[in-house]
Structures are given as C-alpha cells and as structure tokens.
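# Structural overview for review
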Amino acid sequence: MDDHPSFRATARVLLEAEGFDVVGEAADGASALTEAGRLQPEVVLLDVQLPDIDGFDVAARLTGNDNGPVVILVSSRDSSDFGPLVTRSGARGFVPKAELSGDRLQELL
Amino acid sequence: MSGLRRALWGVALAAVIAGAAASALVLSSDHTDYAGLGIVIGLVIMASFIGTGLFAWWRRPSNRFGALMTAVGFTFLLSALTASDNSVVFTAGVILSGVYLVVFAHMVLAYPDGRLERRWHAWLLGVGYFLTLFGMVPQLLWGFKEDMQCDGCPESALLVGSNDTLRNVLDAATSLLGIGVVAVVLFILLRRWARATSPQRRALAPVLWSGVVMLVLLASQLGSGAIGSSRLTDALGVAGLIVFASVPWVFLISLVRSRVVRAGAVSELLLALGEAPGTGTLRCRLAEALGDSSLDLVFWLEDKRKWVDYEGHVVELPREGDPVRAWTEVVLEDRRVGAILHDVTLREEPELLRSVAAAAGLAMENERLQAQLRARVEELRTSRARIVEAGTQERRRLERNLHDGAQQRLVALSLTLRLAQGKLRQDPDKADELINGAQEELTLALGELRELARGIHPAILSDRGLGAALEALAGRAPIAVQLAELPERPLPEAIEAAAYFVVAEALTNVVKYAHASQATVSVSQVNGHAVVEIADDGIGGADPGRGSGLRGLADRVSALDGNMQLDSPAGAGTRLRAEIPV
C-alpha cells in the first residue's frame, strides 16, 4: 500500500520476479483497510506516509486481531526517523524502500 | 555636638580673638589715620569671609572651599600688623599683607569643589606666594618709594641703606611678574567658563565673576604701581576692596537664592506632574526643575536587566567618576523604574536631586512602560530581520547541499548506468560491477536526501506530533537522552515546531560541546506557557552568544512572543529553558 503508483508498480514487478503473489494494491489508508479485509493477504507491505490515515495506525488496525496479516512497513525515510513507533505499531519489521527485495522480506517472515 | 561643629566653633572663637587683637593693635598705633573706620571695614570684611566660609564648611565638610574662604578672612587680618609701632612686627606686616590675595586666588581657582583642577595651578599659586612675600622686600631693604612713605611708621627692620635704582628695578620686575600670574589665573577662569555646561556656569557664576573683577583690578593696581601713578593706585585699591568685600555676600546670596528657586521648582514640578502625569514632556519638566537642559531619562527593564532610552534602545549609564555626567536612580514603591542622567555638578545638591527623583517616580513608571513597549517592538523588528536573513541563508545552504550532494551523485549514477547499459552484452561482469557501484552511489544519495529533508521539517512532527518526534530525536542522539515530561495535549503546530528545533539544536550543542554523558528533555505546559527544558550533566560554561544556531532559535522563540534563557555555570551542567505562550 503506497500512494505513489510508480513505487507500487516497481514493487509489484520486483516481488513477482522473486516468487511472491501480489493479490492487490491500495493508494491510501482507508482503502488499504477495506482491501486487506476483502483479499485476506498473508503479508501487507505498508508505506508509513499515506494521504489519510498514517501507516502506523493502519498497521495497528491490521494487526489488531489474531488472524490479521503480517505487516511490513516501508518508507523512503530511515527507521531512525520514527523512533520507537515502528515496534509499537504491531508491524513485523521495517524495510527502507531502497533496500526492498524478496530476500529482505523472507528474512522478516 | 559633633567633632566638626566643635572645631568650627573653635575657629570662630579664634577669629573673634584675632579680630580683637588686630583692633587693639590698630587703636594703639601712632601712625594709623582713621583707625576707627579702618577697624570697622577690616572687621566686616574678615567676619564676612570667615562667617560665610564656616557656614560653607559646615554644610559640605568634604569640600575645602569653605576652609579656603575662612583662610582668606584670617590672612586678610595679617595686614593689621603694619599698624604696629614695633619695627620687626611692622616689617612682618608689610611682608605678609599681600598673602590674602593669593589665598583668594587659590579659593577662586578651587571653586566650587575646593580642589585645584591641575597640578600646575598649585605651582602657579606657589609663584604668587613667592611674589607677595618678596615683592615688598626691595623697599624694605632700600627704603620705601615716595608714594609708599608714611609718617610715623617705624623703620624697616631690614633696612640696609639707600639704592633707588636697584629698588625700582626689582619692584617693577615683581609687579610685572605679579601681573603675569594674575593674567594666567584670569585665563584659567575664563577658559573654565567657556568650557562649562549651563548648570556648571550657574554654579560657577557668583564666585568666578567677582574673582575675575577682583583680579582685573589687582592687575591694574600692580600695573599702575609699576608706572608710578599713585592716585590711580589708590582709586583701584578702594574699588578692589569693595569688590573683594562683596565676594562672600555674592556667594551667600546665590546659595540662598538657588535653594529658594529650586524649592519652588520642585513644588512646580509636583503640581505639573499631578496635572498631566505620563505625558512626553516629563524630560522637559525635570530639566526645568533641575536647571539642566542636558538632562536625559533612561528606563529600567527588569526582565532584561538593562537600561533603555525613550526609543527602547539599550544605553550605558555614565560610570562613577565620570567628569561630566552622573545619574540618579528613580524608585517607585521600592522598585527601580529608571534614572535621571544629569550634569555632574548637580551632585552638589543631593537633597534637590532626591526630591525631584521622588516626584518623578509615577510619571516615570508610565513612560517606562512605553519605553518597554518600544524596546519590544525594536527587538521584534531586529529579530524579524534576522529571521528573514536566516531564511535566505537556509535556502542558500539547502541549494548548495542539494547541488553538491544528491545532485552530483545522481549525475554520476546516470553516467554509470549508461556505461553499464553499453557493457551489458559484451561484458556482463563489468556491467554487473558498474551496477553494484551505482547501487552504492544511490544509497548514499538517498541518505543525503533523507538527512536534508529531516533538517527542513521532520515529517514525524506533523504526522505524529511533538512527543513522537522528540522520541525519535532522543533515539538518534549518541548520548542517553531521557524524556522526562511531554505535554498531554498537542500544542499548536508553530509551537511544537519551535519546541522541536529548540530541543534538536540544544542536543546538537550538548553532543558537540558539553562533554555530557546524558541529557534530560522536558516539555510541559505551565500557566499558559509551553516550557521546554533541556538539561545536561556536562562541563557547563556555555556562552549564550556562541553560534548562530542558538541565536536563530532565540529569534524563532521570540517570534512566538516567548523567551529563552541559558543557565550554564562552569562545572555544573547546562540548562536551556524556552518559554512560549500558548
């Protein structure tokens, strides 16, 4: 989930090339929540900065119930920009956008 | 009775005894005409000098002017010795009879504070004493000149014979030297007048001008003596005596008059201030009451601990011992509100200054509030200018950083990628190596852009508020940073931003300079103010003027109507506190 279509497209190509099955995309926090509810994905890649609800809140809601997806936060910023928010949000981990790769995701899963 | 008062009574008693002795001497003289008239005139002159002198001495014990005036009275009495029928006493009288003129010159030169201005003035008076003591010696040695002859006077005790030529030459020489000394004294007095400010002139006038007239007459008398015109000498002598006798009275009258006038001025001031308190004419009214057109007012700003003028500009007060200017504090209900800057001569009238300062208190407080406002406006004006300037500089810095950093890396990256594309088919290994290099370059460029973006405005601050932003800041710091307190409710955005940057800059300084092992940050809301505090356990001794960073922060805080204080005693850590009204 990311409001930048170019990053969504790149990430889809990258992940599909590395064997992931990309089931859906969303451009903001609200649609991210409905799409996740509808598609029931195993993993959600979630940008921290979304136009409506921010990534930390979306992550908290997605991981709020037991059978929710694994959430991985991504951002063009560094995790040190966010302090302890990443761990508090319920997300499994944080990957800077520039370092996104199938291997990196596998490590966290 | 105080020691001084007893001593002064002693002097007065000595004067009575000396006067009686002199009168007895004159009455018993067989060569003095009009003895009764002489005694009356002599005693009146003596008494007026000694009486006025003692009065001045009593009023201002630290000022030697009173003592000098008293001394003039006593030395004036010495001329009575010439009435003696005894040859030795008569001779001594002739030698000593002019001494009072030099003491008089001394008194005028030392007016009004009783001290000689320059060391060479004392030398000049020394020459004067020499001339009066030895001026008559030629006549005492070789016989009096014709116009100085007196019937029945005893013979000079020093008489050695008759040598008219030598006597006349020496006599003329001492007269000319005497004129020279008088001329220099006159020059000093007139120059002093020319240089005096108007309140100084008012203080100088009575004694200085009668002294000038007296000295001019004396010089003419010496001159006419030198050319041998006896009638002119006598006439000038009488005129001189009258002016001389008037000096203590002129002094006394001016003293009383100034007291009466000043007392009137103070009550007028009180009335005027009662009618229109706090109008801009306070300075004029005080200048009028104190008779000092150079008078100025300054106001005390307690929060800044500084003196400012009407416009709110910071001013320095004259230091203790300044030869021209002095200041008197104005207090209202035990609180300092300002000060009157005035001519140093007004110090001679401490009672007057005190009453004017007391009368001015309330009106001055009103004007102080206005000055405080102007100071505030002035401060905002300069800080606004600095903020604009800082903004321009910040943009320049950003442009340079973008251009030198990320942009250069992206350019290099573009070249590397093109190179890799060319090698892709013929030399895949080389292409792979180039792409790896490009990857590293890109990571660095991204890191730089992130750093830059964070400096412009941290996204977390606008997204998650001050608490989260400060937590992130604390997490990034290379020393332990404890967040002791954070506001429960979010603060307005501008205040949060200011608070964030205060903490960020303070922590940067702590890391750079303080040699601290840990720091504590707290942001709280107290009495409608956001209070930001950063304390460390470092070496202290931080200079508030150091670095543009702190200055820029102070401007940022003051733009929000807040203020910033730095407390950094050497060896006891540093505490930076900013208060911003919410």
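Residues numbered from 1 in each chain as written. Chains lettered and ligands numbered in written order. Predicted model: local features only at pLDDT ≥ 70, side-chain atom pairs only at ≥ 80, totals over all residues.

### Description of the overall build of chain A
Formally: In this description a helix means any DSSP run of H or I spanning at least four residues, a strand means any run of E spanning at least two, and both kinds are numbered starting from the N terminus. The exposure scheme places C-beta atoms from the backbone and then counts, for each residue, the other C-beta atoms within 10 Å of its own, assigning buried at 20 or more, exposed at 12 or fewer, and partly exposed in between. Think of it this way: build a C-beta for each residue from its backbone, and any pair within 7 Å is a contact.
Along chain A, the regular secondary structure elements total 5 helices and 3 strands. Listing each helix as α and each strand as β along chain A from the N terminus yields α-α-β-α-β-α-β-α. Across the 109 residues that make up chain A, the buried fraction comes to 30%. Contacts in chain A between residues at least 24 apart in sequence constitute 52% of all its contacts with a sequence separation of at least 6.

### Concerning the overall build of chain B
Looking only at helices and strands, chain B features 16 helices and 9 strands. Counting all 582 residues of chain B, 33% fall into the buried class. Sequence separation of at least 24 residues holds for 65% of the intrachain contacts in chain B that already meet a minimum separation of 6.

### Focus: the interface of chain A and chain B
Note the threshold: When residues are grouped by polarity, Ala, Val, Leu, Ile, Met, Phe, Trp, Tyr, Cys and Pro land in nonpolar, Asp, Glu, Lys and Arg in charged, and all others, Gly among them, in polar.
Counting residues at the interface gives 11 residues for chain A, matched by 14 residues for chain B. For the side of chain A that touches chain B, the class distribution of residues is 4 nonpolar, 3 polar and 4 charged.

### With respect to the packing of helix α11 (residues 282-290) of chain B against helix α12 (residues 350-423) of chain B
Any two packed helices are characterised by the angle at which their axes cross and by the distance between the axes. Residue and element names in this part refer to chain B. Put simply, the rule is: To define axes, lines are fitted to C-alpha atoms, for helices over the stretch in contact only, and angles between the resulting N-to-C directions are given on a 0 to 180 degree scale. The scheme is simple: roughly parallel for angles under 35 degrees, roughly antiparallel for over 145, roughly perpendicular for 65 to 115, oblique for anything else.
Running from amino to carboxyl end, α11 crosses α12 at an angle of 170°, the nearest separation of the two axes being 11 Å. Between α11 and α12, the angle is such that the two are roughly antiparallel. The residues of α12 that touch α11, namely those facing L282, L286, A289 and L290, are V356, A360, A363, M364 and E367. A per-class count over the contact of α11 with α12 returns 8 nonpolar, no polar and 1 charged.

### Description of the sheet that holds strand β3 (residues 93-96) of chain A
All names here are of chain A. Applied cut-off: Two strands pair under a simple rule: DSSP has to find at least two bridges between them.
If you trace the 3 strands from one edge of the open sheet to the other, you get β1-β2-β3, paired in parallel fashion. The open sheet terminates on both sides in strands that have one partner only, identified here as β1 (43-47) and β3. Taking each pair of neighbouring strands and ignoring which way they run, the sheet shows an average axis angle of 30°.

### A word on the sheet that holds strand β3 (residues 325-332) of chain B
All names here are of chain B. Strand order across the open sheet formed by 4 strands is β2-β1-β4-β3, with antiparallel pairing between neighbours. Edge positions in the sheet fall to β2 (306-308) and β3, since each of these pairs with one other strand and no more. Strand-to-strand twist of the sheet, defined as the mean angle between neighbouring strand axes without regard to direction, takes the value 30°. Here β3 pairs with strand β4 (residues 335-343) via 8 bridges, running antiparallel. Within β4, the residue paired with V330 across the bridge is G338.

### Let's talk about the nonpolar core
One broad trend across soluble globular proteins is that nonpolar side chains are buried collectively. We apply this condition: Connectivity within a nonpolar core runs through C-beta atoms within 7 Å, and the core itself is a set of buried Ala, Val, Leu, Ile, Met, Phe, Trp, Tyr and Cys residues.
Counting residues in each nonpolar core, the largest one holds 60 residues, and the members touching the most others are L46 of chain A together with A499, V502 and V503 of chain B. In this structure L46 of chain A touches M1, A32, G55, V58, A59, V71, I72, L73 and V74 of chain A, once residues within four positions along its chain are discounted. In terms of nonpolar packing, the next biggest core, distinct from the first, is built from 53 residues, L8, F104, A105 and V207 of chain B among them.

### Focus on the confidence of the model for chain B
Keep this limit in mind: A residue's pLDDT is simply how confident the predictor is in it, with values from 0 to 100.
In this model, chain B carries an average pLDDT of 84, and 93% of its residues clear a pLDDT of 70 or more. Two numbers describe this predicted complex: its pTM, 0.50, and its ipTM, 0.75.

### Things to note about helix α3 (residues 65-77) of chain B
All names here are of chain B. To keep it simple, the criterion reads: Expected helix span is computed as 1.5 Å times (number of residues minus one).
For α3, which comprises 13 residues, the first-to-last C-alpha distance of 19 Å matches the rise-based estimate of 18 Å (1.5 Å per residue) to within 8%. The element α3 is largely enclosed, with a buried count of 12 among its 13 residues. Looking at α3, one finds that the buried residues are F65, G66, L68, M69, T70, A71, V72, G73, F74, T75, F76 and L77.

### Description of helix α1 (residues 3-28) of chain B
For an α-helix, 3.6 residues make a turn, and residues three or four places apart therefore share a direction. The first and last C-alpha atoms of α1 of chain B sit 37 Å apart over 26 residues, in line with the 38 Å expected at 1.5 Å per residue. Along α1 of chain B, the residues classified as buried are L8, A15, G19, A22, S23, L25 and V26 of chain B.

### Notes on the environment of A514 of chain B
Residues and elements named next belong to chain B. With respect to the helices and strands, the residue A514 is situated in helix α15 (residues 493-514). On a C-alpha basis, the gap between A514 and T574 in space is 7.8 Å, while along the polypeptide they are 60 residues apart. Dropping the residues within four chain positions of it, A514 is found in contact with N509, D536, G538, I539 and T574.

### Some words on unusual backbone geometry
Residues and elements named next belong to chain B. Positive phi, close to 50°, is recorded for E333, a residue that is not glycine. Residue placement: E333 occurs in the loop between β3 and β4. Positive phi, close to 65°, is recorded for D334, a residue that is not glycine.

### Thoughts on the environment of Q408 of chain B
All names here are of chain B. Here Q408 lies in helix α12. When the 14 C-beta atoms within 10 Å are taken as the criterion, Q408 is described as partly exposed. Sequence spacing of Q408 and A445 is 37 residues, and the spatial spacing of their C-alpha atoms is 8.7 Å.

### Things to note about the packing of helix α6 (residues 119-134) of chain B against helix α8 (residues 164-195) of chain B
Residue and element names in this part refer to chain B. Stated precisely, the cut-off is as follows: Definitions for this section: a left-handed crossing has its near helix turned counterclockwise from the far helix by less than a right angle. A right-handed crossing has that turn clockwise.
Where α6 contacts α8, the two axes come as close as 10 Å, and the packing angle between them is 150°. When the interaxial angle is binned, α6 and α8 end up roughly antiparallel. Where α6 crosses over α8, the handedness of that crossing is left-handed. Where α6 abuts α8, its residues H121, L124, V127, G128, L131 and F134 lie against T174, L177, G178, V181, V184, V185 and I188.

### Some details on the environment of V356 of chain B
Residues and elements named next belong to chain B. Along the chain, V356 falls in helix α12. Given 25 C-beta atoms within a 10 Å radius, V356 is considered buried. Considered as a pair, V356 and L286 are 70 residues apart in the sequence and their alpha carbons are 7.3 Å apart. Ignoring any residue separated from it by four or fewer positions in sequence, one finds V356 in contact with V266, L269, L286, A289 and L290.

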